[in-house]
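Spelled out, the chains give:
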Amino acid sequence: MKVPIDLTVNGERYELEVEPRETLVELLRERLHLTGTKEGCGTGDCGTCIVLVEGVPVNSCLVLAVDIKGRQVLTIEGLAGEGGLHPLQESFLEKGAVQCGFCTPAMLMSGKALLDRVPGAGEEEIKSALSGVLCRCGSYKKIVEAVKAAGEKMGGKR
Amino acid sequence: MKRLRPFRYFEAGTVSEAVGILTREGVGAHPLAGGTDLLVRMKRGDLAPGALVNLKRIPGLGGIEREPGGGIRVGALAVISAIEHSPLVRTSYPVLAEAAGVLGSPSIRNLGTLGGNIGRASPASDMAPSLLILRARMLVEGPQGKREVEVREFFKGPGETVLSSGELITSFLLPDMAPGSGAVYERIGRREGMDCALVGVAALVTLSGKDHGVKDAGVALAAVAPVPLRAKRAEQVLLSGSLTEERMKEAARAAAAECFPISDMRASGSYRQEMVQVLTYRALARALRLAEGGKA
Amino acid sequence: METRYVGKSVIRVDGLEKVTGRAVYGVDVELPGMLYGAVVRSPYAHARIVDIDTSGAWKVAGVKAVVVGRDVPYTFGGQVKDQPFLAVERVRYVGEPVMAVAAETELAAQEAAERVRVTYEEMAAVFDPREALKESAPLLHPDFGDYWHVPLYEGVAGTNVCMVRRLLLGDVERGFAEADEIFEDEFYIHPVAHSPMETHAAVAQYFQPRDEYIIWSSTDRPYRLLKELVQALGVSLNQVRFISAYSGGGFGGKGAMVAEIIAVALAKFTKGRPVKVVCSREEELTASQTRHAAFMKLKTGVKKDGIFTARKADIIWDNGAYSSLGPDVGFRGVLTILGPYRIPHVELLSRLVYTNKEIGGAYRGFGTTQVTWACEVQMDMIAQKLRIDPLEIRLKNAYVDGDSYINGQILRTVGLKETLKKAGREIGWGQPKPAPRGSKFRGKGMATMLKPTATPTDSYCFIRVNHDASIVILSGAPEVGGGQKTVLSQIAADTIGVPLSSIVIPNPDTYYTPYDMAVASSRTTYHMGNAIRQAGQEVRQKILQLAGKSLETDPSRLNLSEGKIFDEGGRELITLQQLLNKIFGGRGGSILGEGHHSPAGSPLLAASPGQEAISSIFWMFGTHAAEVEVDIETGVVKVLKIAAAHDVGRAIHPALCEQQIEGAVVMGLSNTLFEEFKMEKGKILNDTLADYKLATTLDLPEIVTILVESYHEEGPFGAKGVGEPAAAPTAPAIANAIFDATGVRIRDLPITPEKLLAALKRKEQTEKLSQEEKAVRPG
């Protein structure tokens, strides 16, 4: 059974026919070949599949593609703008917040969702917002520092 | 990762349409709300519905609004994060926002719904204890029409509710909290974040304004019985006199005595029972401070 | 030598790819015509395979290959060749692969796998390695005596002992006789999962006409896997090609073939189409690799001033069902139970024992994590009994520069005491303890350790300067997250004298990159770094020679720096790009450098006759000091702060060193407080990350990293290593802090709230009883 959907990913519009059983992470990785979003567990427990749907972070392994009909999705591949890297991406590089990098896309997207809502987010808020993304390399300290620095760069002051 | 097996798919435009499809399809069909529980169970092979009925296109089920006669209505499809951040909930029912804020993880909270959480009837539901102490009611609609169910009558066993075939929760009604009330949610997991509750305790006290006299009390427990449950004897202890340290401790002991937690791979029954006592006392102490007008 | 990049925290060279989501990991590899694999796994811990009916699998549309053990009759195992590609006549652990399917989609492969019927005859199983040692225990490998094995690792045929090592140095009985106090204690450390965020994944393709295989993998040691696979298949090293993807974490677990073996087995039967096998998180947790659990008996003799006189250790390592890297873990790991302390008389017994469980493999620390648990908890017990401050007693026994190690090797660049003092100072050691707040009690504890690196091992590399002055480094060391590419680029840039931005270091490919032992044993900065220095110097000399010829000057009066040639006075003469353009004209060309480093033969390894094998080319030292707050009503431990001081020799990239240390602290905290396999009859019940709990941002303590630089004389720019040591001391530091806070001593991991609460109650009971006794019998 195929369901026609149209959706926008990183500003680009797609018209696709999907199966109801297809999850958003499968659609992104396998149909659109956007492999920056990862699937670390498939059960919503690791966060590596987090993307933004109209600015809201969700576990794309638990979202059916059919539920994204008419919606706008932002993945890691869409984070950098025309002018270059997003301040979060720059900050992660400057602060050394990347080790193996597998959780990095999810951390960046979660960080963006937070800073867009709470520009001057402090350490506790950052830790809370990122608490659903597991980093086995244990980069949490530098990741939190990087998000804080990006927030300051983006003009958020407390 | 594990792939979902194919299923037939329906999108309902109204509640009666959803009810109609579910009734027609029978046990092989399952309603789909946030999917954070259902899809996981399907991937693990614990559930294999032949058809899913997507409820999320039904308008009017996601709101959080004041009711004209008092209290608030929370739509069954309101997502947990909306409850967590709703200014209305945070001012009028902070315990509900508190519980919403510890459920799962931020991104899961953006998907999971209140109706899904309660409808799942997990004994460990983080949202149930607050609804119980707040005396919430639910509006339900099915092939026989609409009815109201009190949350405390809703749960029959783990994963079992009073809903009959084709019935859906449409909204939750919460009466106003009485002035002089304080309510909080305490829970313990295996780590700080992203965990199910090993034990959850919601406690409410309403002071009568004289020497810590108690006009109303509510204690509800999660994860220590086949259903989320009101600790009645603990409540009776609280209502029996003024709210002293000793009475709160006695209530905590009573709560521990009236639950029957199992031992599973997450924790032993005896640890859970002990934590009921510890958390109930802590919840009551915090609720008291709130009721007195301080901070929890 | 003045360095422009070494010593600085430059932006990671793989950083841009990773923050933009462009880095390709094993799970991301996509090839034309690719098929997907799924695995049927044993539900029993020990059973005979009676029958496999695969007919159901073929009924699923899109299935292209169905493979059972008989179809791929190979065994592998780099130390003991004991593991079949797919189980043949019996299964030895829950989750062992029995059958594999390749299909057009992953869904079809999974559906096909569900339709396979396997009939088993259950056999008695053994789960505790101490039980497995008994004569009555079920025998996992009755043919063990026939297996090929590396001669160094001796097992005992007819038993479940896969490897046994005995080491006797000095005279322990005399040592114990000289002691004022003897401590005999038992410790247990539990198995944990590596659980990298990227599960094991591989793609394999088979080219039948030449019996050739290509494998895409995110392993940390392509050459080791290459050797192991070649040995199993009976082909040459140039018939198998390992191409490395970025690794989404490994921590040692990707040092053995898990997904690769299945992919290769399937690829043989798919008529040349590549097959991708991605382990689900459930498979990752239950059927890949774990850290070896260990039962450790430690007997230590001490003088009343705290000085050690003798130590006897008996370690039983829980191997799981197959050897994998276990023999080496058991063989080398046992040595570090002596800690970084002078102990004149030593007796060690190390036994690696088969059990019907998930395979134990290389896990960050390679045995040191386990033995440090025992060593450092007992150290605190000794300190307590003798009433000596735990920091003091460690300082008393700690190695210093010039000390002899147990085999006679002279220890140099021993930054150990500095790590002890600095960690202690940072945590506020000795400061008065704050009063408890309600039910919350605070305490501090510390632990220290040393770790060798596998010696001797080899790293080879090539450096190629293109005719436009851009540079390619060919190194077989994969990027596993530790910043391997960055550190090696920094070393190359400073050695040759070129901008860092002119260097590219592609992922390894065994067709092009020469042999490297592994990214393991904290060895890459040192060994590959030295190989890079050698190749870099060759390339630099060639360039200066060419410059000298071109500029008609004596090359020894020229300097190459930041891609420019300068004269003695510092005047810029020509850029490297201009020089090469001049020399190669429109033709093109390469300037090549070759590097090989092995510490074999180094005078630093000299030891007592016959004992050189125990020497290490460098020793790493680290101390962690922890402050915890224990809620005595719930048993919940909150780690407030960890001060982690590590002697890294020289920090080539300080932030990367911090990353390793901070990361290992988080991992150690997680292992200690949250992680535990819940098992029933050999089956792991908590097979998802919902119930196998890893630390999140909310569990992050304050972490202060202190880098100590002791400058190794043969290390590149003085560097040693840093990847593993921080994995070991966190657990004992936390446990010792818990003792300081509550007086409760825990000797077996993990320290869960339940366990701690039960221990607190027992202590309360014991104290009550002894008070009552005192009351009844005054005086």
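Residues numbered from 1 in each chain as written. Chains lettered and ligands numbered in written order. Predicted model: local features only at pLDDT ≥ 70, side-chain atom pairs only at ≥ 80, totals over all residues.

## Observations concerning the overall build of chain A
Okay, so step 1: Along its length, chain A carries 5 helices and 5 strands.
Okay, so step 2: Tracing chain A from N to C terminus, the helices and strands come up as β-β-α-β-β-β-α-α-α-α.
Okay, so step 3: Considered along the principal axes of its C-alpha atoms, chain A spans approximately 50 × 30 × 20 Å.
Okay, so step 4: Scored against the burial criterion, the 158 residues of chain A give a buried share of 63%. (Helix = DSSP H or I, 4+ residues; strand = E, 2+ residues; numbered from the N terminus. Buried ≥ 20, exposed ≤ 12 C-beta atoms within 10 Å, placed from the backbone.)

## Regarding the overall build of chain C
Okay, so step 1: Along the backbone of chain C there are 18 helices and 30 strands.
Okay, so step 2: Against the 2.2 N^0.38 benchmark of 28 Å for 779 residues, chain C shows a C-alpha radius of gyration of 28 Å, consistent with a compact globule.
Okay, so step 3: When the 779 residues of chain C are sorted by exposure, 61% land in the buried category.
Okay, so step 4: At a minimum sequence separation of 6, the contacts of chain C that also span at least 24 residues come to 80%. (Rg over C-alpha atoms; globule rule 2.2 N^0.38 Å. Contact = placed C-beta atoms within 7 Å.)

## Describing the sheet that holds strand β7 (residues 97–103) of chain C
Residues and elements named next belong to chain C.
Okay, so step 1: The mixed open sheet is built from 7 strands, whose spatial order is β3-β7-β1-β14-β11-β12-β13. The open sheet is flanked by β3 (63–68) and β13 (240–244), the only strands paired with a single partner. Sheet twist, expressed as the mean angle between neighbouring strand axes with direction ignored, is 25 degrees.
Okay, so step 2: When strand β1 (residues 35–41) meets β7, the two strands line up antiparallel, connected through 6 bridges. Across the sheet, residue G37 finds its bridge partner in β7, namely A102. (Pairing = 2+ DSSP bridges. Axes fitted to C-alpha atoms, helices over the stretch in contact; angles between N-to-C directions.)

## What to know about the domain arrangement of chain C
Okay, so step 1: When its domains are assigned, chain C resolves into domain 1 (15–22 + 457–597), domain 2 (26–125 + 200–280) and domain 3 (400–440 + 608–779).
Okay, so step 2: Taking only C-alpha atoms into account, the centre of domain 2 of chain C sits 38 Å from that of domain 3 of chain C. (Domains from an automatic or database assignment.)

## Concerning the domain arrangement of chain A
All names here are of chain A.
Okay, so step 1: Under the domain assignment, chain A is made up of domain 1 (3–78) and domain 2 (87–153).
Okay, so step 2: Between domain 1 and domain 2, the C-alpha centre-to-centre distance is 21 Å.
Okay, so step 3: At the interface, 13 residues of domain 1 touch 13 residues of domain 2.
Okay, so step 4: Mapped by element, the contributors of at least two residues to the side of domain 1 that touches domain 2 are β3 (50–53) and β4 (56–59).
Okay, so step 5: When residues in the side of domain 1 that touches domain 2 are grouped by element, the largest group, 3 residues, is from β3.
Okay, so step 6: Of the residues contributing to the side of domain 1 that touches domain 2, the split by class is 7 nonpolar, 5 polar and 1 charged. (Nonpolar A, V, L, I, M, F, W, Y, C, P; charged D, E, K, R; others polar.)

## Considering helix α13 (residues 484–496) of chain C
Residues and elements named next belong to chain C.
Okay, so step 1: For α13, spanning 13 residues, the distance from its first C-alpha to its last is 18 Å, which sits close to the expected 18 Å at 1.5 Å a residue.
Okay, so step 2: α13 sits mainly inside the fold: 13 of its 13 residues count as buried.
Okay, so step 3: Immediately downstream of α13, the backbone of G497 shows phi near 100 degrees, a positive value. (Expected span 1.5 Å × (residues − 1).)

## Let's talk about the packing of helix α10 (residues 232–239) of chain B against helix α11 (residues 245–257) of chain B
Residue and element names in this part refer to chain B.
Okay, so step 1: Interhelical geometry of α10 versus α11 gives an angle of 165 degrees and a closest axis separation of 7 Å. Classified by the interaxial angle, the pair formed by α10 and α11 is roughly antiparallel. Note on packing geometry: the crossing formed by α10 with α11 is right-handed. Contact with α10, carried on its side by R233, A234, V237 and L238, involves R247, E250, A251, A254 and A255 of α11 and no other residues of that element.
Okay, so step 2: Broken down by class, the residue content of the contact of α10 with α11 amounts to 6 nonpolar, no polar and 3 charged. (Parallel < 35°, antiparallel > 145°, perpendicular 65-115°, else oblique. Left-handed = near helix turned anticlockwise from the far one by under 90°.)

## Side note on α10(B)
Residues lying three or four places apart along an α-helix face the same way, a consequence of the helix completing one turn every 3.6 residues.
Residues and elements named next belong to chain B.
Okay, so step 1: Of all the residues in α10, the buried ones are A234, E235, V237 and L238. The arc that holds the buried residues of α10, viewed along the axis, is 155 degrees, so those residues lie on one side. Exposed and facing more than 90 degrees away from the buried side of α10 are K232 and Q236.
Okay, so step 2: Considering only its buried residues, α10 is in contact with β12 (199–207), β13 (214–222), β14 (229–230), α11 and α12 (269–291). (Arc of directions from axis to C-beta.)

## Considering the sheet that holds strand β23 (residues 564–566) of chain C
All names here are of chain C.
Okay, so step 1: Spatially, β22-β23-β24 is the arrangement adopted by the 3 strands of the open sheet, whose pairing is antiparallel. The outermost strands of the open sheet, each flanked by one partner alone, are β22 (559–561) and β24 (572–575). Strand-to-strand, the axes of this sheet are offset by a mean angle of 30 degrees, without reference to chain direction.
Okay, so step 2: In this sheet, β23 lies alongside β22 in antiparallel orientation, the contact comprising 3 bridges. Looking at β23, one finds that L560 is bridged to I565.
Okay, so step 3: Running at roughly 120 degrees to β22, helix α14 (residues 524–551) makes contact with β22, β23 and β24 of the sheet.

## Considerations on the interface of chain B and chain A
As a measure of interface size, the accessible area lost when the parts come together is often cited.
Okay, so step 1: Contacts between chain B and chain A engage 23 residues on the former and 25 residues on the latter.
Okay, so step 2: At the level of secondary structure, the elements contributing two or more residues to the side of chain B that touches chain A comprise β1 (8–11), α2 (38–43) and α6 (106–109) of chain B.
Okay, so step 3: Along the lines of polarity and charge, the residues of the side of chain B that touches chain A split into 12 nonpolar, 6 polar and 5 charged.

## Digging into the interface of chain A and chain C
Okay, so step 1: Each side of the interface is counted separately: chain A has 37 residues, and chain C has 43 residues.
Okay, so step 2: Every element with two or more residues in the side of chain A that touches chain C is listed here: α2 (87–95), α3 (104–117) and α5 (140–153) of chain A.
Okay, so step 3: No other element matches the 4 residues that α5(A) contributes to the side of chain A that touches chain C.
Okay, so step 4: The residue inventory of the side of chain A that touches chain C, partitioned by class, reads 17 nonpolar, 14 polar and 6 charged.

## Some remarks on the environment of B:R8
Okay, so step 1: Tracing the backbone through its elements, the reader meets B:R8 in strand β1.
Okay, so step 2: Owing to 14 C-beta atoms within 10 Å, B:R8 belongs among the partly exposed residues under this scheme.
Okay, so step 3: Ignoring anything within four residues of it in the chain, the contact list for B:R8 reads A:M1, B:G50 and B:A51.

## Some thoughts on the pairing of strand β11 (residues 201–207) of chain C
All names here are of chain C.
Okay, so step 1: Most of β11 sits out of view: 6 of its 7 residues are buried.
Okay, so step 2: Direction of pairing for β11 relative to strand β12 (residues 212–217): antiparallel, over a ladder of 6 bridges. Looking at the pairing, A202 lines up with S217 of β12.
Okay, so step 3: Counted between consecutive antiparallel strands, the loop separating β11 from β12 contains 4 residues, among which D211 sits at a positive phi close to 55 degrees.

## What to know about the packing of α14(C) against helix α15 (residues 576–584) of chain C
Residues and elements named next belong to chain C.
Okay, so step 1: Packing of α14 against α15 brings their axes to within 11 Å, and their N-to-C directions diverge by 70 degrees. Here α14 lies roughly perpendicular to α15, going by the angle between them. Along this stretch, α14 crosses α15, giving a crossing that reads as left-handed. Between α14 and α15, the residues in contact are I543, L546, A547 and S550 and L576, L579, K582 and I583, respectively.
Okay, so step 2: Residue classes in the contact of α14 with α15 are distributed as 6 nonpolar, 1 polar and 1 charged.

## Quick look at unusual backbone geometry
Okay, so step 1: That bond from C:T455 to C:P456 is cis: its omega, -5 degrees, falls within 30 degrees of zero.
Okay, so step 2: Along the polypeptide, C:P456 turns up in the loop between β18 (440–452) and β19 (459–466).
Okay, so step 3: Cis geometry is found at the peptide bond from C:L749 to C:P750, where omega equals 5 degrees.
Okay, so step 4: Looking at where C:P750 falls in the secondary structure, it is placed in the loop between α17 (730–742) and α18 (753–776).
Okay, so step 5: Unlike most non-glycine residues, B:R135 shows phi in positive territory, near 60 degrees.
Okay, so step 6: By the element assignment, B:R135 lies in the loop between α8 (128–133) and β6 (137–142).
Okay, so step 7: For B:M194, which is not a glycine, the phi torsion comes out positive at approximately 45 degrees.
Okay, so step 8: Summarising the element assignment, B:M194 is placed in the loop between β11 (181–188) and β12.

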